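Per-entry structural report
Chain by chain, the residues:
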Amino acid sequence: MNAIFHDFIGCFMEIYVDDIVIKFQSYDEHLEHLRRSFLTMQQFDLKVKPLKCAFGVSAGKFLEFLVHNKGIEVDKNKAKAIMEAKPPTTKKELQKLLESFNFLRTFISNLAGSVQVFSQLLKLKDHDTFVWEASHQKAFYEIKGYLATAPVLMPSIKNKPLKLYISAAEGSIGGLLAQDNAQGNEQIVYYLSRLLTPCERKYTLIEKICLALYFSVIKLRHYILPVLIELSALEISLTPWTLLFDGSRTQEVPGCGIIIISPKGLSTELFFQFDFPCTNNQAGYEAVVIGLAILRDIEAREVKVIGDSNLVINHLVGTFKCYSKDLAHYYMAAVQLIQNFDNVTVKHVSRSMNTEANSLAQASIGLKLSPKMIHKIITVQKRLLPSIRRRGLGLEVFNSNFTGEESDDEPENDWRTPIISFLKRPHHRTSRKVRRRAITMSSWEMNYTRKALKMTYF
């Protein structure tokens, strides 16, 4: 049948096995469609039974569904039988009930997720006891309630953009195909869903989203292929990893506290005590660099950094420029780490809003613990060297926001200017202080010798 009426299917005819529906907008158009259909039937010697035919109707049943000019809806008799159905008492009755639900799956959002609760009952053996619990009854009522207000599905309109919505849950994925009707209102075309296999349940959220997209496109390809496709960016809003940090120091020892919160809300608290001298701002930068390095190693893609250090936050967002020679290496280390992520949001909060990270920082240096942390087991990690000592920082430390010439954006007394001039022309007369600082800076960065610096600037 599909081969015989190939040129008509999708234009004015729909076929399922040996059932045929011929669509029309006006009676003159209907007569023309009938003429072309009958000529094709005559050509291939097909016969129809007059008693099973209906011409010029505006509504009718087709494949147990009610079809009319507004769309396709559930047959009232079919829905009534399900609405009046009693809870099953045996596995066989449950199977028949699920067959009725499955017949109407295109009208029910995420049916696979709704019936997932019945899966254990379907695994019962003949000698096992069938127990209908409250969770089963709740899912049964929810499906009934949805069928009571089942939507009218809209047939897709040719040469009009389609909208595909996808979703992923812990145990199921689903999709919704929609399109704007003649009045400009969005209307449902098709619902689809399925359960995830045990292996697929281990997927990350983004992998489940991709699987839902693939599943939806494959299942709905007969809708998508004949129509005009408008591609638009699909923005998936995922919960980012959150990094809360704070640095602290006393006259004896500095330290920092870090809290890393996963997209699922799992919190990890880390304490670090530094066995080297540093300022409060350097301790704050240490916390940022350590936290970003951890997030990079676990392959986080979206990160939100929160802290109460006004200087560090404003450096990272670009409000303040970093001219301090003591913080330049830390700043570039943080900038280089940020480039490893797809999206990084940096937010400044008041100290009262960052109490947890502040408590960790104070605990790392032996100050009084907050009441929430008194009953916690604290393991403080000690760091003997700054984080930037172990990082291969590039020469951006020296030439970041620096072109070698004075500009309106740079102060004339930039500490980097005489160092760079000496490294470019080491034989020129230079003060002993600048020479000592340049040599110290060059030896401190083990990966970049003076020769490498001279090659860069010549």
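My aim in this report is to walk through the structure given alongside it, one point at a time. Just so it is clear, the model here is predicted, and its values are computed rather than measured.

Positionally, histidine 315 belongs in helix α10 (residues 310-317). A polar atom in the side chain of histidine 315 sits 2.7 Å from the side chain of tyrosine 285. Not counting residues within four places of it along the chain, the set of residues in contact with histidine 315 comprises Tyr285, Phe320, Lys321, Cys322, Leu327 and Tyr331.

Let's shift gears to helix α1 (residues 27-43). A rise of 1.5 Å per residue sets the reference length of α1, with its 17 residues, at 24 Å; its end C-alpha atoms lie 24 Å apart and thus fit the reference within 8%. All of the buried residues in α1 are His30, His33, Leu34, Ser37, Thr40 and Met41. Viewed along the axis of α1, the buried residues span an arc of 130 degrees, placing them on a single side of the element. Residues of α1 that are exposed and point over 90 degrees away from its buried face: Asp28, Leu31, Gln42 and Gln43. Where α1 is buried, its residues touch β1 (13-16) and β2 (19-22).

Another point: the environment of isoleucine 260. Following the sequence through the fold, isoleucine 260 ends up in strand β10 (residues 254-261). Contact partners of isoleucine 260, with chain neighbours within four places excluded, come to Trp241, Thr242, Leu243, Leu266, Ser267, Thr268, Gly291, Ile294 and Leu295.

Once that is clear, we can look at the nonpolar core. Counting residues in hydrophobic clusters, the biggest one holds 34 residues, and the most contacted among them are Ile258, Phe274, Tyr285 and Leu292. The set of elements that each furnish at least two residues to this core consists of β9 (241-249), β10, β11 (267-274), α9 (280-297), β12 (302-307), α10 and α11 (328-338). The element contributing the most residues to this core is α9, with nine residues. Contacts of isoleucine 258, omitting those with residues within four sequence positions, involve Leu243, Leu244, Thr268, Glu269, Leu270, Phe272, Ala287, Ile290, Gly291 and Leu360.

Now for the packing of aromatic side chains. Here the structure, examined in full by the defined rule, presents 14 aromatic pairs. When the ring of phenylalanine 130 is compared with that of tryptophan 132, the centres are 6.4 Å apart and the planes differ by 15 degrees; the resulting orientation is stacked. Centre to centre, the rings of tyrosine 146 and tyrosine 191 are 6.5 Å apart; their planes meet at 70 degrees, and the pair counts as edge-to-face. Linking tyrosine 146 in helix α6 (residues 134-148) with tyrosine 191 in strand β8 (residues 186-195), this pair joins segments that are 45 residues apart in sequence. With a relative accessible area of 27%, tyrosine 146 lands in the partly exposed category. Among the aromatic residues, those joined into a cluster by ring pairs are Phe101, Phe118, Phe130, Trp132, Phe140 and Tyr141. Taking the ring centre of phenylalanine 103 as reference, the NZ or CZ of lysine 78 above it sits at 4.8 Å.

So, how was this worked out
Residues numbered from 1 in each chain as written. Predicted model: local features only at pLDDT ≥ 70, side-chain atom pairs only at ≥ 80, totals over all residues. Heavy atoms only, no water. Helix = DSSP H or I, 4+ residues; strand = E, 2+ residues; numbered from the N terminus. Polar contact = N/O pair within 3.5 Å; in protein donor to acceptor, adjacent residues only side chain to side chain. Contact = heavy atoms within 4.5 Å. Expected span 1.5 Å × (residues − 1). Buried < 20%, exposed > 50% of the residue type's maximum accessible area, 1.4 Å probe, protein only. Arc of directions from axis to C-beta. Core = buried A, V, L, I, M, F, W, Y, C linked by side-chain atoms within 4.5 Å. Phe/Tyr/Trp six-rings, centres within 6.5 Å; stacked < 30°, edge-to-face > 60°. Lys NZ or Arg CZ within 6 Å of the ring centre and 35° of its normal.

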